[in-house]
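Okay, here's what each chain looks like letter by letter:
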Amino acid sequence: MSRPLVSIENVDLRYGGEGGTLAVSGLSLAVEKGEFVAVVGPSGCGKSTLMKLVTGLNMPSAGQVSVADEPVTKPVSIVGMAFQNPTMLPWRTTLDNILLPLEIVERHRVRLRAFKADYIAKAETLLATVGLKGFGAKFPWQLSGGMQQRANLCRALIHEPELLMLDEPFGALDAFTREELWCVIRDLHQDSAATGHPVTIVLVTHDLREAVFLADRIFVMSARPGRIIETKTVPFQRPRALDVMYTPEFNGIVHDLRALIAEARVQPAEAV
Amino acid sequence: MAVTAAKPFDWVKAAPWLYAVGLFAVWEGAVRLFALPLYILPAPSAIMGAIIQYWPAIWKNSLQTLYTTLVGFGLAVAGGLALGLLVGWSRFIYAGLYPLMIGFNAIPKVAVVPILVIWFGIGSVPAILTAFLIAFFPIVVNVATGLATIEPEMEDVLRALGARKWDIMVKVGIPRSMPYFFGSLKVAITLAFVGSVVSETIAANSGLGHMMLAAQSQFNVPLVFAGLMMLAVEGIIMYALMAWLEMRMTGWAHRSGHAR
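Computed from a predicted model, the values in this text were never measured in an experiment.

**Some remarks on the overall build of chain B**
Within chain B, the secondary structure is distributed over 10 helices and 0 strands. Beginning at the N terminus, the succession of helices and strands in chain B can be written as α-α-α-α-α-α-α-α-α-α. In terms of C-alpha radius of gyration, chain B reaches 23 Å, well past the compact-globule figure of 18 Å for 260 residues. Oriented by its inertia axes, the alpha-carbon framework of chain B measures out at about 75 × 65 × 30 Å. Counting across all 260 residues of chain B, residues that qualify as buried make up 43%. For chain B, the share of sequence-separated contacts (at least 6 apart) that also reach a separation of at least 24 residues comes to 74%. When the accessible surface of chain B is totalled, it reaches about 14,200 Å², and 74% of it is carbon and sulfur.

**Some remarks on the environment of Val187(B)**
Residue and element names in this part refer to chain B. When you line up the elements, Val187 lands in helix H8 (residues 165–202). For Val187, a relative accessible area of 42% gives the class partly exposed. Residues Val187 and Ile139, 48 residues apart in the sequence, show an inter-C-alpha distance of 8.6 Å.

**A few points about the layout of surface pockets**
Residue and element names in this part refer to chain A. Roughly 570 Å³ of volume is contained in the largest pocket. Considering the residues around the largest pocket, the lining is formed by 17 residues, among which Leu157, Glu160, Ser192, Thr195 and His197 are closest to the centre. Tallied by class, residues from the lining of the largest pocket come to 6 nonpolar, 5 polar and 6 charged.

**Side note on the sheet that holds strand S9 (residues 217–221) of chain A**
Residues and elements named next belong to chain A. Pairing in this open sheet of 6 strands is mixed, and the strands run S6-S7-S8-S3-S9-S10 from one edge to the other. Of all strands in the sheet, those with a lone pairing partner are strand S6 (79–83) and strand S10 (228–233), marking the two edges. Geometrically, the sheet is characterised by an average inter-axis angle of 15° between neighbouring strands, direction not taken into account. Both S9 and S10 contribute to a ladder of 5 bridges, which runs antiparallel. Counterpart to Val220 in the pairing with S10 is Glu230. Against the sheet, helix H8 (residues 248–266) makes contact with strand S3 (36–40), S9 and S10, and its axis sits at roughly 180° relative to S10, the strand it touches most.

**Here we look at the sheet that holds strand S4 (residues 62–67) of chain A**
Ordered by their spatial adjacency, 4 strands build an open sheet running S2-S1-S4-S5 (chain A), and the pairing between neighbours is antiparallel. Looking at strand neighbours, the two that pair on one side only are strand S2 (22–31) and strand S5 (70–71) of chain A, the edges of this open sheet.

**Some thoughts on the state of the cysteines**
Residues and elements named next belong to chain A. Under the definition given, this model contains 0 disulfides over all chains. Between Cys154, a free cysteine, and Cys183, which holds the nearest cysteine sulfur, the sulfur-to-sulfur gap is 16 Å. What makes Cys183 buried here is its relative accessible area of 15%.

**What to know about helix H4 (residues 91–106) of chain B**
Spanning 16 residues, H4(B) covers 22 Å between terminal C-alpha atoms, matching the ideal 22 Å at 1.5 Å per step. In the structure, H4(B) departs most strongly from a straight axis at Leu97(B), where the bend amounts to approximately 30° and where the proline Pro99(B) lies between one and four residues downstream.

**Section: the pairing of S3(A)**
All names here are of chain A. When you tally the buried positions in S3, you get 5 out of 5 residues, the bulk of the element. Side chains Phe36, Ala38 and Val40 project from S3 onto one buried face, and the interleaved Val37 and Val39 project onto a second face that is buried too. Where S3 lies against strand S8 (residues 200–204), 4 bridges are found, and the strand directions are parallel. Each bridged residue has a counterpart across the sheet, and for Val39 the counterpart in S8 is Val204. Where S3 and S9 come together, 4 bridges link them in parallel fashion. Bridging across to S9, Ala38 finds its partner in Ile218.

**Some thoughts on the nonpolar core**
Formed by 52 residues in total, the largest nonpolar core has its most connected members in Leu164(A), Leu166(A), Ile185(A), Val212(A), Leu214(A), Ile218(A) and Phe250(A). A total of 6 residues in this core trace back to one element, the largest contributor, which is H8(A). Excluding residues that lie within four positions of it along the chain, Phe250(A) makes contacts with Arg209(A), Val212(A), Phe213(A), Phe236(A), Val244(A) and Met245(A). The next biggest cluster of nonpolar side chains, apart from the first, holds 49 residues, and it includes Ile51(B), Phe136(B), Ile139(B) and Val197(B).

**Here we look at the interface of chain B and chain A**
Across the boundary between the two partners, chain B contributes 22 residues, which contact 26 residues of chain A. Summed over both sides, the interface between chain B and chain A buries roughly 2,300 Å², with carbon and sulfur atoms accounting for 68% of that surface. Broken down residue by residue, the surface that chain B buries against chain A is led by Leu161(B), Lys171(B) and Trp252(B), which jointly contribute 28%. In this assembly, chain B and chain A are joined by 4 salt bridges.

**A short note on the packing of aromatic side chains**
According to the stated counting rule, one finds 12 aromatic pairs over all chains in the structure shown. Taking 6.2 Å as the distance between ring centres and 50° as the angle between the ring planes, the aromatic pair formed by Trp89(B) and Trp166(B) counts as tilted. Of this pair, Trp89(B) sits in helix H3 (residues 55–89) while Trp166(B) is found in helix H8, placing the two residues 77 residues apart along the sequence. Judged by relative accessible area, Trp89(B) falls into the partly exposed class, the value being 30%. Here the aromatic rings of Phe132(B) and Phe136(B) are separated by 5.3 Å at their centres, their planes lie at 50°, and the arrangement is tilted. Of the two residues, Phe132(B) and Phe136(B) are both situated in helix H6 (residues 124–148); the distance of 4 residues between them amounts to about one turn of the helix. In terms of burial, Phe132(B) and Phe136(B) fall into one category: buried. Through a chain of ring-to-ring contacts, three or more aromatic side chains come together here, namely Phe24(B), Trp27(B) and Phe225(B). Taking NZ or CZ as reference, Arg111(A) lies 4.6 Å from the ring centre of Phe115(A), over its face. Sitting over the face of the ring of Trp89(B), Lys165(B) holds its NZ or CZ atom 6.0 Å from the ring centroid.

**Regarding the packing of H6(B) against H8(B)**
All names here are of chain B. Between H6 and H8, the shortest axis-to-axis distance is 6 Å and the interhelical angle comes to 155°. The angle between H6 and H8 falls in the class roughly antiparallel. Read as a crossing pair, H6 and H8 show a hand that is right-handed. By residue class, the composition of the contact of H6 with H8 is 19 nonpolar, 10 polar and 2 charged.

Criteria and thresholds
Residues numbered from 1 in each chain as written. Chains lettered and ligands numbered in written order. Predicted model: local features only at pLDDT ≥ 70, side-chain atom pairs only at ≥ 80, totals over all residues. Heavy atoms only, no water. Helix = DSSP H or I, 4+ residues; strand = E, 2+ residues; numbered from the N terminus. Rg over C-alpha atoms; globule rule 2.2 N^0.38 Å. Buried < 20%, exposed > 50% of the residue type's maximum accessible area, 1.4 Å probe, protein only. Contact = heavy atoms within 4.5 Å. Areas by Shrake-Rupley, 256 points an atom, 1.4 Å probe, with all protein chains shown as cover. 1 Å grid on protein atoms, 1.4 Å probe; cavity = no way out; pocket = protein on both sides within 12 Å on 5 of 7 lines; lining within 4 Å. Points joined across faces, edges and corners; volume = space filled by probe spheres on them. Nonpolar A, V, L, I, M, F, W, Y, C, P; charged D, E, K, R; others polar. Pairing = 2+ DSSP bridges. Axes fitted to C-alpha atoms, helices over the stretch in contact; angles between N-to-C directions. Disulfide = S-S within 2.5 Å. Expected span 1.5 Å × (residues − 1). Bend = angle between axes of the 7 residues up to and from the residue. Core = buried A, V, L, I, M, F, W, Y, C linked by side-chain atoms within 4.5 Å. Buried area = accessible area lost by both parts, 1.4 Å probe. Salt bridge = Lys/Arg side-chain N within 4 Å of Asp/Glu carboxyl O. Phe/Tyr/Trp six-rings, centres within 6.5 Å; stacked < 30°, edge-to-face > 60°. Lys NZ or Arg CZ within 6 Å of the ring centre and 35° of its normal. Parallel < 35°, antiparallel > 145°, perpendicular 65-115°, else oblique. Left-handed = near helix turned anticlockwise from the far one by under 90°.

Laid out in structure tokens, this is it:
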């Protein structure tokens, strides 16, 4: 592994110009290609700001953000994004929703018409991977919340992003559906490594068990203005079964993380 | 209740007719009971009589009103859609134009008609323009609202993929604002009738407004009511047409009837 895929160096981001709120301050982190990292922290710590910095939706006020060895100066199209709110377009079928990014991304939109059948086949394959085989013709509002979130993952993956940014994608789901989707995302990550095009995943979450189960490394952020106060490496071998969550080591890590965040909530980090 | 087990009578479907018949029955009964004179409140039977008696004139004037209303409404749809998209496009245009439009909308359109008559003379043009002016505003506001309420997450997802403003508008904004647009047509068409009739009552040689004014000056109150009745009928038909169009074009937004 040469250079990290994502690197954030000493970044500040202030919303609303001079004298505005400082969302993150002295933020530094690096994510290797093919890695699965999670970002946890108290609410309002700038986790979503981190997402926007990496995807190029917001520019840092100070410091530098690089993705794939290039400084981020505009939106980065090698990224796929999924949020807690699935934001499927209700007037498109699930399949057409999934194809939407292809109508936007430059290198696909020129080919879309000519190779439509190939792209549809690819979307169908993705749907099958997340357990939605045969649901492409349904409208999103005919799907349950969990199914919509699966479709949302497909949409984030259709243009073969190198980097997948997930902002609490499972937050609004019930516990069982959430566990199912953890396994879906775990397998997606695993399988991509096997095909030689490993996808790098950054997962922003409030759920510590989710973070420990899925991630290789976990970044703990301080309260606003956010920065990384601790990086935890998760020692469990892959592939991980859900049972790993009931081991003492697993609970130990969750417990440590919880303590760190509880501490961060009480005393905001001093400026560095 | 006269219902058979096989096919129960659909009371909800029959309700509009039952209520309308009920209203006219109560009206007829009250007029007869209190022996109200014809020049104060004619009974529905007297109005019906007037409609039959003056049918050629009523028909001609109804068509004239329908014509001015529909032309004005058509202009309002085209102009409202265009301006709504423009206003929803940028915050700068929105901030600048919105107060002007509110001020303009607050002006009673009755006060504008004399000006229109000075500019265009008595005839169809002032009626068309009044219908346009009054029907225009709800369309603009609704289209702009649809555009302004795009979910920020959706915008982020697309912008991160390199979408330009135009892409977001075409793929998300415009389809999204269509239910608002078609919804506003129902309001706009009824307002357009108000506009054209107001103009016809002030300055016109034909149209239902003009006819009612003439009938009133001759104390032909049943004919005045006949005009009102025709306006109500035209209004209901056009409203139903717009509601049908709305269902046709944006069925996805009325999901309860379509799911599965």
